[in-house]
Amino acid sequence: MKKSLILFISSCFLISSCKTSVPEKKVVKGIIADKAMVVSARKEASKIGIDILKKGGNAFDAMMATELALAVSYPYAGNIGGGGFMVYRTNEGKIGALDYREKAPLASHRDMYLDEDGNIIKNKSTSGATAVGVPGTIAGVFEAHKKFGSLTIKEIIQPVIDLANRGVVVTEKQEKRLQKHKKDFFRVNKDTIPLAKTWKSGDTIKYNALAKTLTRVLENGRDEFYKGETAKKLASFLQQEGGYVTEEDLAKYEAKWRTPIVFSYDDLKIISMSPPSSGGVCLTEIMNAIEPFDLHEYGHNSSKSIQVITEAERRAYADRSYFLGDPDFVSIPMDKLLSKAYAAERMSSFSFEKATKSKDLSHGNIEIIESDETTHYSIVDQFGNAVSVTTTINAAFGSKLYASELGFFLNNEMDDFSSKPGEPNMFGLVGAKANEIAPEKRMLSSMTPTIIEKEGKLWMVVGTPGGSTIITSVLQTILNVHEYNMGMQEAVDQPRFHHQWLPDVVKMEPNSFPQEVKTALTQKGYTIDEANSPVIGKVDAILVLPNGTLEGGADRRGDDTAIGF
């Protein structure tokens, strides 16, 4: 939103008819709350999080509760067998980031997924025990609680244990997911696992084994998972299954506090996740590149707006695959990548007349890796603290390997490394040397938990699952509110598009964009792909309204739910 338009946009807040949006679409308002809000992928998790806040807990207490409740209610992506990232802002305006991304086991090496001819061994990095990285979720939630928590661990975890024992009702969307992956459960696991049964919408699934694991964690703390009985059982199980993770790997794991990426866009201060997530760096480069263009004037999801955003994405993703990796292992030219001058330089070859071809565009002068099945939650508490958290086990149900005695799925996060530089992974994403495998290294991610300030105050908490589409989904949600004057739920509901350098296609949610827009883009040389993009992101976000109340935006594409008070 450029300065010359501020007066115009201000008047739009007063005149509801003044919107640059898709015509004749009903505007859906999000859930409004006076004090606090939790938005997550499942109602059960959002409710447990909000109950923690009602008890007097803060956003970090609710973070632990919501994260663990998602492990119970949303095993598709919620987990204790994976990892994630948190960005936070306290009510005093202090900001920070927590990295509890999985790590490569000590036995890892660069060529572990290649055969004697140097070719990638099919499925080795994507399914079963050989795909599993050292989990970080339990370390992450305990680390956040250690620094900022106020309630006791028992107060936080007991409701999650009760949920696991009580059971979770299967939704229609969950029924479809379980049916889709049933054959994979049988292929990977030696024994029949609970989720491999024929579950129907309305059935209740109890997670008794997970409840027992969480009970031990409640009683013995963080080290139960990394050094205790659970660690021994987990390491033994993975070794028996042919995996690499050992008791030593678990015992050595630590979550790490990171400095978040901070940049400006118009009058906004944007705080996002730093490497080993590529989210904040890519978001910065894209928004720096599009800032000089009058997106509001071009119109929401117009061919011109889509063209500008697509070309910025193309360049940022090319840089992502070449330069980014675990900062503890590789040197990243952060100052250059984050500068507005560099973004302008990268966009200098852009023309409205025709598409840039990805084959003609490499990284800047100073290639991507990840799944669609992640989950995100946003929290604002009654004290004014905010957390934005994205967590994953990578693919749907991770490696599909289920530790039956412990009650949870294991990640297949090793596929997020570059198994072979220049070769695409299971999601068509190309990696480079910066993200090659090394012992104890964290794999690159697209997760983009983000918090935004406006005029020095908390304004938005946003994030999404969606693999490589995470960054672009977060971007478009921010722009929908900032450039196009939408509310939070309305912004989340809008159709989305995505470009990631390679493959050279603009992915679009099907039946969502006007034919004239698609035709205009095609005529300029863009290839539109609607067939492989049924869902792009499932954004869960919170907007602080001008009167100080909170609007939750829960994505209609999933079972996502906003609950506030």
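This text goes with the structure placed above it.
Only a predicted model underlies this, so the values are computations on that prediction, with no experimental measurement involved. (Residues numbered from 1 in each chain as written. Predicted model: local features only at pLDDT ≥ 70, side-chain atom pairs only at ≥ 80, totals over all residues. Heavy atoms only, no water.)

**Here we look at the nonpolar core**
Formed by 84 residues in total, the largest nonpolar core has its most connected members in M63 and I157. Ignoring any residue separated from it by four or fewer positions in sequence, one finds M63 in contact with M86, Y100, G140, V141, A144, Y377, I379, V387 and V389. If you look at the next biggest cluster of nonpolar residues, it comprises 82 residues, including F263, C282, L295 and V461. (Core = buried A, V, L, I, M, F, W, Y, C linked by side-chain atoms within 4.5 Å. Buried < 20%, exposed > 50% of the residue type's maximum accessible area, 1.4 Å probe, protein only. Contact = heavy atoms within 4.5 Å.)

**Quick look at the packing of helix 2 (residues 43-54) against helix 3 (residues 59-73)**
Packing of helix 2 against helix 3 brings their axes to within 8 Å, and their N-to-C directions diverge by 155°. Our classification of the angle between helix 2 and helix 3 gives roughly antiparallel. Crossing angle aside, the handedness with which helix 2 passes helix 3 is right-handed. Contacts from E44, A45, I48, G49, I52 and L53 of helix 2 reach helix 3 at A59, D61, A62, A65, T66, A69, L70 and S73. (Axes fitted to C-alpha atoms, helices over the stretch in contact; angles between N-to-C directions. Helix = DSSP H or I, 4+ residues; strand = E, 2+ residues; numbered from the N terminus. Parallel < 35°, antiparallel > 145°, perpendicular 65-115°, else oblique. Left-handed = near helix turned anticlockwise from the far one by under 90°.)

**With respect to unusual backbone geometry**
Of note, the amide linkage connecting P275 to P276 takes the cis form, showing an omega dihedral of 20°. At the junction of L502 and P503, the peptide bond is cis and its omega measures out at -5° in the coordinates. Mapped onto the secondary structure, P503 falls in the loop between strand 16 (497-498) and strand 17 (506-508). Backbone geometry at K400 places phi at a positive 75°, although glycine is not the residue there. As for its position among the elements, K400 is in the loop between strand 11 (386-392) and strand 12 (402-403). We classify K400 as buried; its relative accessible area is 8%.

**Remarks on the pattern of salt bridges**
A complete count under the given rule lists 36 salt bridges for this structure. Note that R187 is salt-bridged to D184, the shortest N-O span being 3.4 Å. Taken together, the positions of R187 and D184, both in helix 6 (residues 172-188) and three residues apart, correspond to about one turn of that helix. When its relative accessible area of 47% is taken as the criterion, R187 is described as partly exposed. Ionic pairing is found between R556 and D493, a salt bridge with its closest N-O pair at 3.9 Å. (Salt bridge = Lys/Arg side-chain N within 4 Å of Asp/Glu carboxyl O.)

**Here's the deal with the side chain of E453**
Structurally, E453 is set in strand 14 (residues 450-454). At 2.7 Å, the side chain of E453 and the side chain of R89 are in polar contact. Sequence-distant contacts of E453, that is, excluding residues within four places in its chain, are made with R89, G93, I95, D267, L268, K269, I271 and W459. (Polar contact = N/O pair within 3.5 Å; in protein donor to acceptor, adjacent residues only side chain to side chain.)

**Describing the packing of helix 11 (residues 279-290) against helix 13 (residues 303-323)**
Two elements in contact, helix 11 and helix 13, have axes whose closest approach is 9 Å; the angle formed by their N-to-C orientations is 145°. The two elements helix 11 and helix 13 meet at a crossing, and its hand is right-handed. For the pair helix 11 and helix 13, the contacting residues are C282, E285, I286, A289 and I290 in the first and V308, I309, A312, E313, R315, A316, Y317, D319 and R320 in the second. Among the residues making up the contact of helix 11 with helix 13, the classes are represented as nine nonpolar, no polar and five charged. (Nonpolar A, V, L, I, M, F, W, Y, C, P; charged D, E, K, R; others polar.)

**Description of the sheet that holds strand 18 (residues 528-529)**
Overall, mixed pairing links the three strands, which are arranged 16-17-18 in an open sheet. In the strand order of this sheet, the two ends are held by strand 16 and strand 18, each with one partner. Both strand 17 and strand 18 contribute to a ladder of two bridges, which runs parallel. Within strand 18, the position partnered with V506 by the bridge is I528. (Pairing = 2+ DSSP bridges.)

**Some thoughts on the packing of aromatic side chains**
Per the stated rule, a full pass over the model turns up 20 aromatic pairs. Consider the rings of F225 and Y226, whose centres lie 5.0 Å apart with planes at 65°: the pair is edge-to-face. F225 sits in the buried class, given a relative accessible area of 0%. For Y226, a relative accessible area of 1% corresponds to the buried category. Its end group placed over the ring of W257, K147 keeps NZ or CZ at 4.3 Å from the ring centre. One residue, R177, lies across the ring of Y76, its end atom 4.8 Å from the ring centre. (Phe/Tyr/Trp six-rings, centres within 6.5 Å; stacked < 30°, edge-to-face > 60°. Lys NZ or Arg CZ within 6 Å of the ring centre and 35° of its normal.)

**Description of helix 6**
Its 17 residues place the ends of helix 6 25 Å apart at the C-alpha level, agreeing with the 24 Å of an ideal helix rising 1.5 Å per residue. Helix geometry: helix 6 is bent most strongly at H181, by close to 45°. Among the residues making up helix 6, those that are buried are Q174, E175, R177, L178, H181, D184, F185 and V188. On its buried face, helix 6 is in contact with helix 3, strand 5 (168-169), strand 6 (204-205) and strand 13 (408-409). (Expected span 1.5 Å × (residues − 1). Bend = angle between axes of the 7 residues up to and from the residue.)

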